Amino acid sequence: MNILDKIIFDKKREVILKKSIIPVSQLEASVFFEKETISLSTNLKNSSTGIIAEHKRRSPSKAEINYGFTVEEVVKGYELAGACGISVLTDGKYFGGSLDDLLLARAAVNIPLLRKEFIVDEYQILEAKAHGADLILLIAAVLTREEIKSLSQFAKNLDLEVLLEVHNLEELEKSVMPTLDMIGVNNRNLKTFEVSLDFSKKLASQIPTDFVKVSESGISSIEAINELKPYGYKGFLIGENFMKTDNAGKAATDFISQL
């Protein structure tokens, strides 16, 4: 069983447990169900930089990235830096995140928030909405076409945007549908954790122009972004590069100012 299979196995058990404790009606009673969504896709289309900055404490490949910041410090720093949106990791076991991180981020900033999670159930989309997210991530590698269709439609019904993540042509071809807003290419193979910008370059021409193109993972330099822009990418998700510094907000500010 590879790391991705383990994560999904644990995630499905986690969702079953959560459903037994917190009913859907409680999630739907959240004040955020009345909140208007802030559009990341619009921000990216109108931006010359396209940075989506990430709050991430650790990952399966890095036992610890940074536990020294509060969520508020990080996200406020990102907002001041001029990020188009913020990705918040909410997986606990593998990434050290939580839904509380999303809630605290929402209280601190007024730019689009992505719930970065391994979504396998509509319940998690309700959680995202209830904790102030503006968009969700769906990962093609772990979902069937029918699941992508039903989950993305469910998100749209809640006025959430959808970023669909793919890693190869097969995943892209099974996933393209009108209920998506953005298509992200993960430069990291989730099964081996190998990273290469070639994944984004190879898939760029295959992504229909209706969708905002986002490149994710392994982006740590201005050169990488300048390399990817001619391929039509409008969004660039960066996490580790900022989080591993002593001041994530300042690192983001310095980076964005050079673009």
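- The name an unreviewed UniProt entry gives the protein is Indole-3-glycerol phosphate synthase, with Flavobacterium kayseriense as the organism.
- UniProt's Catalytic activity (unreviewed entry) comment on the protein is quoted here verbatim: "1-(2-carboxyphenylamino)-1-deoxy-D-ribulose 5-phosphate + H(+) = (1S,2R)-1-C-(indol-3-yl)glycerol 3-phosphate + CO2 + H2O".
- Its UniProt record gives the protein the following Pathway (unreviewed entry) comment, quoted word for word: "Amino-acid biosynthesis; L-tryptophan biosynthesis; L-tryptophan from chorismate: step 4/5."

1. Focus on the nonpolar core
Here comes step 1: Grouped together as the largest cluster of nonpolar side chains are 90 residues, with contacts concentrated most on Tyr 78, Ile 125, Ile 136 and Phe 242.
Here comes step 2: The residues contacting Ile 125, other than those within four sequence positions of it, are Ile 119, Ile 136, Leu 151, Phe 154, Ala 155, Leu 158 and Leu 160.

2. Section: helix 4 (residues 71–81)
Here comes step 1: Listing the buried residues of helix 4 in full gives Val 71, Val 74, Val 75, Gly 77, Tyr 78 and Ala 81. Viewed along the axis of helix 4, the buried residues span an arc of 155 degrees, placing them on a single side of the element.
Here comes step 2: Residues of helix 4 that are buried make contact with strand 1 (51–55), strand 2 (85–89), helix 5 (99–108), helix 11 (240–243) and helix 12 (248–257).
Here comes step 3: Of the residues flanking the end of helix 4, it is Gly 82, one or two places downstream, whose phi is positive at about 100 degrees.

3. Some remarks on the pairing of strand 8 (residues 233–238)
Here comes step 1: The buried fraction of strand 8 is high, at five of six residues.
Here comes step 2: Sheet topology note: the strand 7 (residues 212–216)/strand 8 ladder contains four bridges and is parallel. Its bridge partner being in strand 8, Val 214 is matched across the sheet by Gly 235.

Thresholds applied
- Within every chain, residues take consecutive numbers counted from 1 along the sequence as written.
- Given that this is a predicted model, residues contribute local features only at a pLDDT of at least 70 and side-chain atom pairs are listed and counted only at 80 or more, while totals for whole chains, interfaces and linings are drawn from all residues.
- Heavy atoms from the whole structure form the basis of all side-chain values; hydrogens and water molecules are not counted.
- UniProt positions are given in the numbering used here, feature names are shortened, and annotations may be inferred rather than shown by experiment.
- The nonpolar core is taken to be a set of buried Ala, Val, Leu, Ile, Met, Phe, Trp, Tyr and Cys residues, with the residues joined through side-chain atoms within 4.5 Å.
- Here's how the labels work: a residue is buried when its accessible area is under 20% of the maximum for its type, exposed when over 50%, partly exposed in between, all with a 1.4 Å probe on protein chains only.
- Here, two residues are considered to be in contact whenever any of their heavy atoms come within 4.5 Å of each other.
- Where helices and strands are cited, they refer to DSSP runs of H or I of at least four residues and of E of at least two residues respectively, numbered from the N terminus.
- Picture the helix axis, draw a direction to every C-beta atom, and the arc is the one those directions span.
- By this definition, two strands are paired if DSSP reports at least two bridges between them.

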